Amino acid sequence: MPLKAIEIGGRSLERWRTGLLDPRTYKSAANMLRISADRRDFARRYYLGAGSYPAVVGVRTPIGLIELTVYSFDDVQTVNEIFMREDYLARRDARVVVDLGSNIGISAAYFLSRDPRVRCFLYEPVPRNIERLRANLAGFEDRYELHSVAVADGNGEVTFGIEPTGRYGGIGIQTGEDIRVRCEHINDVLDDVLARADEIDVLKIDTEGAEAATVYAIRPDHLDRIRVIYLETHAPVPAHPERFDHSYYNATSRLTRRADRARMGSDR
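A short tour of the structure in this document, coming up. These numbers were taken from a predicted model, which means no experiment stands behind them.

Comments concerning unusual backbone geometry
A cis amide bond links tyrosine 53 with the next residue in sequence, proline 54, at an omega value of 5 degrees. Tracing the backbone shows proline 54 in the loop between helix 3 (39–48) and strand 3 (55–61). One non-glycine residue, glutamate 208, lies in the positive phi region at around 50 degrees. Residue placement: glutamate 208 occurs in the loop between strand 12 (200–205) and helix 8 (211–216). Positive phi, normally seen in glycine, also occurs at asparagine 250, with a value near 50 degrees. Position of asparagine 250 relative to the elements: it lies in the loop between strand 14 (244–249) and strand 15 (252–257). Taking relative accessible area as the criterion, asparagine 250 reaches 32% and is therefore assigned partly exposed.

This is the structure in structure tokens:
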């Protein structure tokens, strides 16, 4: 039987083998031991796919312990990817974050917990995700602004596929269930944020297939005021190479403004 056909904890043996050969896997595991409030419970959920849901997981952050409600194994993976693996690593001096595809608020919780001065602009169109996001961000209400819209490279009403985990739906995605949502153009969103901030320290885009088109649609004057862009993609997206250096790891493209490259490295 091929390794891809054998699964442990929701992952194929091939994926386990690849991960064990990657030194960054061990950094993530070390961070899990340091960050998880209940290491044993989180490790069982993440590595073995054990446990029932919903459940509360605690993570230690620079501003103290925070608790997040997770609703599936997929959410546990997201906590690991963001808090332990640091897929969306934020600089210590980051103050303004734009989060497109905020889902249930796990990425926003990471950004908001880096420093009490961080302010987040969140965009999430799915009503069930919004309800869960508000619960997970309880106590942070004065530092985030939530917009219940999708964001892409166009304006108007769009068909948005949804599914039980809330993680894999998106504009035009066929999931067997869909809703109609309002979509705002990326440049309109950035116009609004940059009217109130000098720069955007982190722009995170996780919109299930619309990421590349969205980032390529950003106007040059906006790009000059964004330090780092993260895109969840199945292949590298080295967009705007005249302004940004590109790196790619674990389905995440990172575009770092060239003037900030050395400083990003020093914050790891």
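Describing helix 4 (residues 73–84)
Structural remark: α-helix, 3.6 residues per turn; residues separated by three or four positions point the same way. Here helix 4 spans 16 Å end to end across 12 residues, near enough to the 16 Å set by a 1.5 Å rise per residue. Most of helix 4 sits out of view: 12 of its 12 residues are buried. Those residues of helix 4 that sit buried are Phe73, Asp74, Asp75, Val76, Gln77, Thr78, Val79, Asn80, Glu81, Ile82, Phe83 and Met84. Glutamate 86 lies just past helix 4 and shows a positive phi near 60 degrees.

Re the packing of aromatic side chains
As enumerated under the stated definition, the model contains 6 aromatic pairs in all. Their ring planes at 10 degrees and their centres at 6.5 Å tell us that phenylalanine 42 and tyrosine 46 sit as a pair that is stacked. With phenylalanine 42 and tyrosine 46 both in helix 3, this residue pair falls 4 residues apart, about one helical turn. Exposure class is identical for phenylalanine 42 and tyrosine 46. Each is buried. Ring geometry for tyrosine 88 versus tyrosine 230: centroids 5.6 Å apart, planes at 55 degrees, classification tilted. Residue tyrosine 88 is found in the loop between helix 4 and strand 5 (96–100), and its partner tyrosine 230 is found in strand 13 (residues 226–232); the two are separated by 142 residues along the sequence. Against the face of tyrosine 53 rests arginine 45, its NZ or CZ located 4.9 Å from the ring centre. Positioned above the aromatic ring of tyrosine 71 is the side chain of arginine 132, whose terminal nitrogen or guanidinium carbon lies 3.8 Å from the ring centre.

Definitions and limits used
- All residue numbers refer to position in the chain's written sequence, counted from 1.
- The predicted nature of this model means local features are confined to residues of pLDDT at least 70 and side-chain atom pairs, given and counted, to a pLDDT of 80 or more, with totals for whole chains, interfaces and linings taken over all residues.
- For the side-chain quantities, the full set of heavy atoms in the structure was used; hydrogens and water were omitted.
- Under the scheme used here, helices are H or I runs from DSSP no shorter than 4 residues and strands are E runs no shorter than 2 residues, and both carry numbers assigned from the N terminus.
- Each residue's exposure class comes from its accessible area (1.4 Å probe, protein chains only) as a fraction of the maximum for that residue type: buried when under 20%, exposed when over 50%, partly exposed otherwise.
- The span expected for a helix works out to 1.5 Å for each residue beyond the first.
- Stacked, tilted and edge-to-face pairs are distinguished by plane angle, under 30 degrees for stacked and over 60 for edge-to-face with tilted covering the rest, among Phe, Tyr and Trp rings (Trp via its six-membered ring) whose centres lie within 6.5 Å.
- Counted as over-ring charges are cases with an Arg CZ or a Lys NZ within 6 Å of the ring centre that also lie within 35 degrees of the ring normal.

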